[in-house]
Amino acid sequence: MLSNFGDNTKLYLGKSFYSSVQYFKGSISSICFYDYALSEDNVAQMKNTVYYVGAESSSIVDSSSVAESSSAAESSSVADSSSVAEEIGEPEHVKTTYTLDGMIGINCLYTIPSEYVNGDYTINAEFTGDNEAQTIALNKEATETVDGETAYMFTFPIQAYNMTKSYRAKIVVTDANGNTVAESASSTLKVSGCFRSIQSGGDEKLKNLASALKTYGYYLQKQFNSEAALPTSTPNDLSDVTLETMQEYAQKKETISLTNKLSLAGTTMIVNSGTTIRFYISDLKDYSLENLRLRYSADGEVWEESELKYNSSMGMYYGEIPNIGATKLSNMYKAYFVDGETQVSDKITYGAYSYIFSVLRASSTYGENTTNIVKALYKYSVAAEEYINQ
C-alpha cells in the first residue's frame, strides 16, 4: 500500500531510492494504480485487459472495447491512434549495421507501411542515451532491401569516445495534428557490440579496422568521457607512429603580397563522429565578416567555401573544413581566406595529418594522452583506407 510509505514520498518506476542499484533493464507494457486491494479474481482477469486511471479506475475494461471507451479525455486519443496502427500496422526494426570506415555511426533499418511513408504523416527516428537525444527525419531515398522488403535507413552519428555507451532507438509516426499514431518497439544499440562479431567472423582488414577504431575510442574516452568505465581490452601499440612518419604532411605556405593581408592565427582539429579542421584569424582588419569565407579544395579543382564563425572563448574567427571521414583524413587541402572573390590571406596546404605532425612535434606540451589520440587516429585512418580500397 502506498500509504505505508508516508507523506511526500518520491516513488519511481524502474529506478531505486539507492544510487548503487542499477536502473531496470527491460520494457513495461502497462502500469496500473488501484485505490483498493485486488482480489484473486481481479488478478485472474488481468491478462489481455486494459486499465484506466481516473474516476472509473476500479473498473476492468476488456481490450477489445478500448475504441468504444470514453472514460477520460485522453482515452479517445489513444483509441484513435491505436485504430490507425491496427489498420495500417507498425514500423519494425529489421536490421542494424555500423559505419566504421568513414563517419562513425549506427544505421538502423526499419520496414514502414507505405501508407505512412506516402501519406500525410511525419516519420522520425528517436535516438536516446544518457543525457542526450536526437531526432532524425525519414529520408525516402535511404533504403535497402531486407528479406525482399524495402527498409528505410536512419543513421545516428556517434562520437568516438561514446562507442561503449548504450543507446535506444525507435520510430515514431505522427499525424498532421502531431498525434502519435504508431511507433516501433524500442531497440538497444551499442557500437562496441559489433566488435566481437567482427573479431569472430570478419576478414583480416575489417578486423584491423575494428581494432584500430577501438583503440582510437579508448584514448578519446579516457580524455573526454571520464565518467564511463574504460574498456577492459588493452589498446593497440602505437609506438610505430613517429614524427618521421608524419614529416611529409607538415604545413606548407604560399605567401601573397597584400598590404591588408589576413594572418592565420592557428589551427585546431575537432573530433566527433568525423573530423573537422578549423583555421583561425584573430583580426578581421577592415574586412566585412559577411563577405569573408574560407575557401578550400582537396584536389585543386573542386573548391568549397565555409562561412566564418566566432569563437568567444578564444576571441577569434574561424572557417572550417567539416566532417572529414576516416578514409579522407590523408587528404591535404589548399586553403585560404577570401573577401568575395579576392584572396586576402596566404594559401596553406594542410590536413588532419598535418595536425597530427604538429602534436607529435610538441608532444611534451600536448601530453601523453593527446599524443596517443592523434597516433590512434592515424592508425584508424590507415586501416579504414586499406579496408575500403581492398
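If you're wondering where the values come from, they're calculated on a predicted model, not measured in any experiment. (Residues numbered from 1 in each chain as written. Predicted model: local features only at pLDDT ≥ 70, side-chain atom pairs only at ≥ 80, totals over all residues. Heavy atoms only, no water.)

Asker: Could you give me a rundown of the overall build of the protein, with the residues and numbers involved?
Answerer: Within the protein, the regular secondary structure consists of 9 helices and 21 strands. Taking all 390 residues of the protein together, the buried fraction comes to 39%. Per element, the accessible surface of the protein, about 22,200 Å² overall, is 45% carbon and sulfur. (Helix = DSSP H or I, 4+ residues; strand = E, 2+ residues; numbered from the N terminus. Buried < 20%, exposed > 50% of the residue type's maximum accessible area, 1.4 Å probe, protein only. Areas by Shrake-Rupley, 256 points an atom, 1.4 Å probe, with all protein chains shown as cover.)

Asker: Could you give an account of the sheet that holds strand 18 (residues 316-324), with specific residues and numbers?
Answerer: One open sheet holds the 4 strands; their spatial order is 13-14-18-17, and the pairing between them is antiparallel. Of all strands in the sheet, those with a lone pairing partner are strand 13 (264-271) and strand 17 (309-311), marking the two edges. Across this sheet, the average inter-strand angle for adjacent strands is 35 degrees, counted without regard to direction. Pairing geometry for strand 13 and strand 14 (residues 275-281), over 7 bridges, is antiparallel. Paired with Leu264 across the two strands is Ile281, which belongs to strand 14. (Pairing = 2+ DSSP bridges. Axes fitted to C-alpha atoms, helices over the stretch in contact; angles between N-to-C directions.)

Asker: How would you sum up the packing of helix 5 (residues 204-224) against helix 9 (residues 368-388)? Please name residues and give values.
Answerer: For the pair helix 5 and helix 9, the least separation of the axes is 8 Å and the interaxial angle reads 160 degrees. Classified by the interaxial angle, the pair formed by helix 5 and helix 9 is roughly antiparallel. The two elements helix 5 and helix 9 meet at a crossing, and its hand is left-handed. (Parallel < 35°, antiparallel > 145°, perpendicular 65-115°, else oblique. Left-handed = near helix turned anticlockwise from the far one by under 90°.)

Asker: So what about the confidence of the model for the protein? Which residues, and what values?
Answerer: Predicted confidence across the protein gives a mean pLDDT of 81, with 76% of residues reaching 70 or more. The low-confidence segment residues 45-79, where pLDDT is below 50, has 31 contacts with residues more than four positions distant or belonging to other chains. (pLDDT = per-residue confidence, 0-100. Contact = heavy atoms within 4.5 Å.)

Asker: Which residues make up the packing of aromatic side chains, and what values do they have?
Answerer: Within the structure shown, the criterion is met by 13 aromatic pairs. Ring centres 4.6 Å apart and planes at 15 degrees place the aromatic pair Phe127 and Phe156 in the stacked group. Of this pair, Phe127 sits in strand 5 (residues 122-129) while Phe156 sits in strand 8 (residues 149-157), and the two are 29 residues apart along the sequence. When sorted by exposure, Phe127 lands in the same class as Phe156, which is buried. Pairing Tyr249 with Tyr353 gives two aromatic rings, centres 4.8 Å apart and planes at 85 degrees, and the pair type is edge-to-face. Remark: Tyr353 occurs in helix 7 (residues 352-361) and Tyr249 occurs in the loop between helix 6 (243-246) and strand 12 (252-254); sequence separation between them is 104 residues. Comparing Tyr249 with Tyr353 shows no difference in burial state: the two are buried. In textbook terms, an aromatic cluster arises when at least three aromatic residues are bridged by ring pairs, as seen for Phe127, Phe156 and Tyr167. (Phe/Tyr/Trp six-rings, centres within 6.5 Å; stacked < 30°, edge-to-face > 60°.)

Asker: Give a detailed account of the pattern of salt bridges, specifying residues and quantitative values.
Answerer: All chains considered together, the criterion is met by 9 salt bridges. With its nearest N and O atoms 2.7 Å apart, the salt bridge here joins Glu144 to Lys95. Separated by 49 residues along the polypeptide, Glu144 in strand 7 (residues 143-146) and Lys95 in strand 3 (residues 92-99) bring together distant segments of the chain. Across the pair Asp346 and Lys261 runs a salt bridge whose closest N-O atoms are separated by 3.0 Å. In this pair, Asp346 is assigned in the loop between strand 20 (342-343) and strand 21 (347-350) and Lys261 in the loop between strand 12 and strand 13, connecting sequence segments 85 residues apart. Its relative accessible area of 15% is what places Asp346 among the buried residues. Via salt bridges that share partners, Arg295, Glu305 and Glu341 belong to a single interconnected network. (Salt bridge = Lys/Arg side-chain N within 4 Å of Asp/Glu carboxyl O.)

Asker: Can you explain the sheet that holds strand 8? Please cite residues and give values.
Answerer: The sheet built from 4 strands is open, its strands ordered 3-4-8-7 with antiparallel pairing. The open sheet is flanked by strand 3 and strand 7, the only strands paired with a single partner. Here the average twist between neighbouring strands, direction ignored, is 35 degrees. Sheet topology note: the strand 4 (residues 105-111)/strand 8 ladder contains 6 bridges and is antiparallel.

Asker: So what about the nonpolar core? Which residues, and what values?
Answerer: Within the largest apolar cluster, 83 residues are counted, with the highest numbers of intra-cluster contacts made by Phe154 and Tyr216. Among the elements that line this core, the one with the most residues is helix 5, at 9 residues. Residue contacts for Tyr216: discarding those within four places in its chain leaves Ala160, Val271, Ile373, Ala376, Leu377 and Tyr380. (Core = buried A, V, L, I, M, F, W, Y, C linked by side-chain atoms within 4.5 Å.)

Asker: I'd like a rundown of the side chain of Thr276, residues and numbers included.
Answerer: Relative to the helices and strands, Thr276 is located in strand 14. Given a relative accessible area of 6%, Thr276 falls into the buried group. Among the polar contacts made by the side chain of Thr276, one reaches the main-chain amide nitrogen of Asn323 at a distance of 3.2 Å. Residues within four places of Thr276 in sequence aside, it is in contact with Thr268, Met269, Ile270, Glu320, Ile321, Pro322 and Asn323. (Polar contact = N/O pair within 3.5 Å; in protein donor to acceptor, adjacent residues only side chain to side chain.)

Asker: An account of the pairing of strand 21 is needed here, citing residue identities and associated values.
Answerer: Alternating residues of strand 21 divide into Lys347 and Thr349 and Ile348 and Tyr350, and every residue in both groups is buried. As judged from the 3 bridges shared by strand 12 and strand 21, these two strands associate in the antiparallel manner. Note that in strand 21 the partner of Lys253 across the bridge is Ile348. Direction of pairing for strand 19 (residues 333-339) relative to strand 21: antiparallel, over a ladder of 3 bridges. Residue pairing in the sheet places Ala335 in a bridge with Ile348 of strand 21.

Asker: Residue-level account of unusual backbone geometry, with values.
Answerer: Its identity as a non-glycine residue notwithstanding, Asp147 has a phi of 55 degrees, on the positive side. Topologically, Asp147 is positioned in the loop between strand 7 and strand 8. For Asn323, which is not a glycine, the phi torsion comes out positive at approximately 50 degrees. Locating Asn323 in the fold gives a position in strand 18. For Asn323, a relative accessible area of 48% gives the class partly exposed.

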